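# Fold and geometry: a report
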Amino acid sequence: MLSENEIKRIYWGCRRGMLELDLVMVPFFEQRFRELDERDQQRFVDLLECEDTELFQWFLGTSSPDDPELASIVNDINAFCRAAKA
């Protein structure tokens, strides 16, 4: 279980400084992060260590992560975004 300070740190990690990424990552964090199991939460935290250019390509669908753990959380985030648009 993550502490409130850890949750806040992760939230600020979602704020990338690139509007397109903020529009994807922040809503996912706000609406889904606390519902994720510990493994998926860790995948999300690991995702925050990636470069913005990689994240942008993954969320745009022009490429996907080589790491299957990262690919799993990227797929979850992309599915969340598609559902929000529907």
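Before any of the text, the structure's been laid out above.
Structure report, in brief. Given the structure is predicted, the values throughout are model-derived calculations rather than measurements. (Residues numbered from 1 in each chain as written. Predicted model: local features only at pLDDT ≥ 70, side-chain atom pairs only at ≥ 80, totals over all residues. Heavy atoms only, no water.)

Let us look at a negative patch on the surface. A cluster of acidic side chains, namely Asp46, Glu49, Glu51, Glu54, Asp66 and Asp67, defines a negative patch on the protein surface. Residue position: aspartate 67 is located in the loop between helix 4 (52-60) and helix 5 (68-85). For aspartate 67, a relative accessible area of 35% gives the class partly exposed. (Patch = residues over 30% accessible without salt bridge, like charges linked within 9 Å, V, L, I, M, F, W, Y side chains within 5 Å. Areas by Shrake-Rupley, 256 points an atom, 1.4 Å probe, with all protein chains shown as cover. Salt bridge = Lys/Arg side-chain N within 4 Å of Asp/Glu carboxyl O. Lys, Arg positive; Asp, Glu negative; His and termini not counted. Charge placed at Lys NZ, Arg CZ, Asp CG, Glu CD. Helix = DSSP H or I, 4+ residues; strand = E, 2+ residues; numbered from the N terminus. Buried < 20%, exposed > 50% of the residue type's maximum accessible area, 1.4 Å probe, protein only.)

So, on to the layout of surface pockets. Estimates place the volume of the largest pocket at around 310 Å³. Considering the residues around the largest pocket, the lining is formed by 14 residues, among which Val24, Phe59, Asn78, Cys81 and Lys85 are closest to the centre. Going through the elements one at a time, helix 2 (19-32), helix 4 and helix 5 are the ones with two or more residues in the lining of the largest pocket. The biggest single contributor to the lining of the largest pocket is helix 5, with six residues. (1 Å grid on protein atoms, 1.4 Å probe; cavity = no way out; pocket = protein on both sides within 12 Å on 5 of 7 lines; lining within 4 Å. Points joined across faces, edges and corners; volume = space filled by probe spheres on them.)

In this structure, glutamine 41 sits in helix 3 (residues 38-47). Discounting residues that sit within four places of it in the chain, glutamine 41 has contacts with Leu2, Phe33, Arg34 and Leu36. (Contact = heavy atoms within 4.5 Å.)

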